[in-house]
Amino acid sequence: MSKLSSTRRGFLLSASLLPLAACAPPPSAPRHTLSLRGDRLVALIQRTGKDNMTAPEAFALMGITNEGRDIPVRQLADDGPDGRYVVNLVNIRKIHEFVFQRRQGDVLVLHSADTAFKRLQSVRYARNGKPSIITDTAFAERDFQEQIAFWFARIPGR
């Protein structure tokens with residue numbers, strides 16, 4: 001009887017561990033978790049960026065909130081030919097998200113994007129005004145493409 005119960009226990013133990021083995025990634029899975037450019041941009045921001053806190057108003061319009069408090073970001077900034085460019089790495093929802101922004105005079109244009117560089121929402125924020133969602137999708141998409149092209153040119157190992 002003890003041989004039968006030990007065989008049964010072994011079978012039950014192996015059957016209970018089988019689903020865990022199915023969840024493991026295959027050995028040939030790529031190391032990157034984002035798009036390849038997304039991985040490189042995250043690495044660049046983490047290596048050379050600075051920790052910062054940003055005002056929550058514009059980010060709240062893009063769906064990124066911290067219950068009314070400032071948003072913690074890792075930020076990288078550089079001057080371009082037509083304004084100051086900033087990319088923010090946001091991890092408030094436990095996933096990496098990018099917020100690209102460009103200052104042109106007294107106006108900030110911000111775009112939230114996922115790690116595959118798909119634009120999710122765009123906001124215009126005047127210096128002495130309130131942020132507003134950009135409803136002109138052609139303008140928003142064109143500006144977003146210009147901003148990500150600026151950062152793609154700065155990613156090492158393109």
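The shown structure was predicted, so the numbers you read here are calculated from the model rather than taken from an experiment. (Residues numbered from 1 in each chain as written. Predicted model: local features only at pLDDT ≥ 70, side-chain atom pairs only at ≥ 80, totals over all residues. Heavy atoms only, no water.)

Caption draft 1: Summary view of the side chain of N66. Relative to the helices and strands, N66 resides in the loop between α3 (56-61) and β2 (71-80). For N66, a relative accessible area of 17% corresponds to the buried category. Polar contacts involving the side chain of N66 include one to the main-chain carbonyl oxygen of D70, which spans 3.0 Å. If we skip the residues at most four places from it in the chain, N66 touches I71, P72 and I92. (Helix = DSSP H or I, 4+ residues; strand = E, 2+ residues; numbered from the N terminus. Buried < 20%, exposed > 50% of the residue type's maximum accessible area, 1.4 Å probe, protein only. Polar contact = N/O pair within 3.5 Å; in protein donor to acceptor, adjacent residues only side chain to side chain. Contact = heavy atoms within 4.5 Å.)

Caption draft 2: Structural context of the pattern of salt bridges. A complete count under the given rule lists ten salt bridges for this structure. Of the charged contacts in the structure, one is a salt bridge between R127 and D106, with a shortest N-O distance of 3.9 Å. With R127 in the loop between β6 (119-126) and β7 (131-133) and D106 in the loop between β4 (97-104) and β5 (107-113), this residue pair connects regions lying 21 residues apart in the sequence. The two residues R127 and D106 agree in class, both being exposed. Each of D82, R102, D143 and E146 takes part in one network of salt bridges that share partners. (Salt bridge = Lys/Arg side-chain N within 4 Å of Asp/Glu carboxyl O.)

Caption draft 3: Highlighting the sheet that holds β4. Pairing in this open sheet of seven strands is antiparallel, and the strands run β1-β2-β3-β4-β5-β6-β7 from one edge to the other. The two strands at the open ends of the sheet, each matched to only one other strand, are β1 (50-54) and β7. Adjacent strand axes in the sheet meet at a mean angle of 30 degrees, parallel and antiparallel pairs treated alike. Relative to β5, β4 runs antiparallel, the two being bridged by seven bridges. From the neighbouring strand, V99 faces β5, where its bridge partner is S112. Most of the contacts of helix α2 (residues 36-48) go to β2, to which it runs at about 95 degrees, and overall it touches β1, β2, β3 (83-90) and β4. (Pairing = 2+ DSSP bridges. Axes fitted to C-alpha atoms, helices over the stretch in contact; angles between N-to-C directions.)

Caption draft 4: Looking closely at the environment of Y85. Looking at the element boundaries, Y85 is found in strand β3. For Y85, a relative accessible area of 4% puts it in the buried group. Expressed as a C-alpha distance, the spacing of Y85 and F100, which sit 15 residues apart in the sequence, is 7.6 Å. Setting aside chain neighbours within four positions, we find Y85 in contact with L76, A77, D78, G80, Q101, R102, E146, Q147, F150 and W151. Polar side-chain contacts of Y85 include one of 2.6 Å to the side chain of D82.

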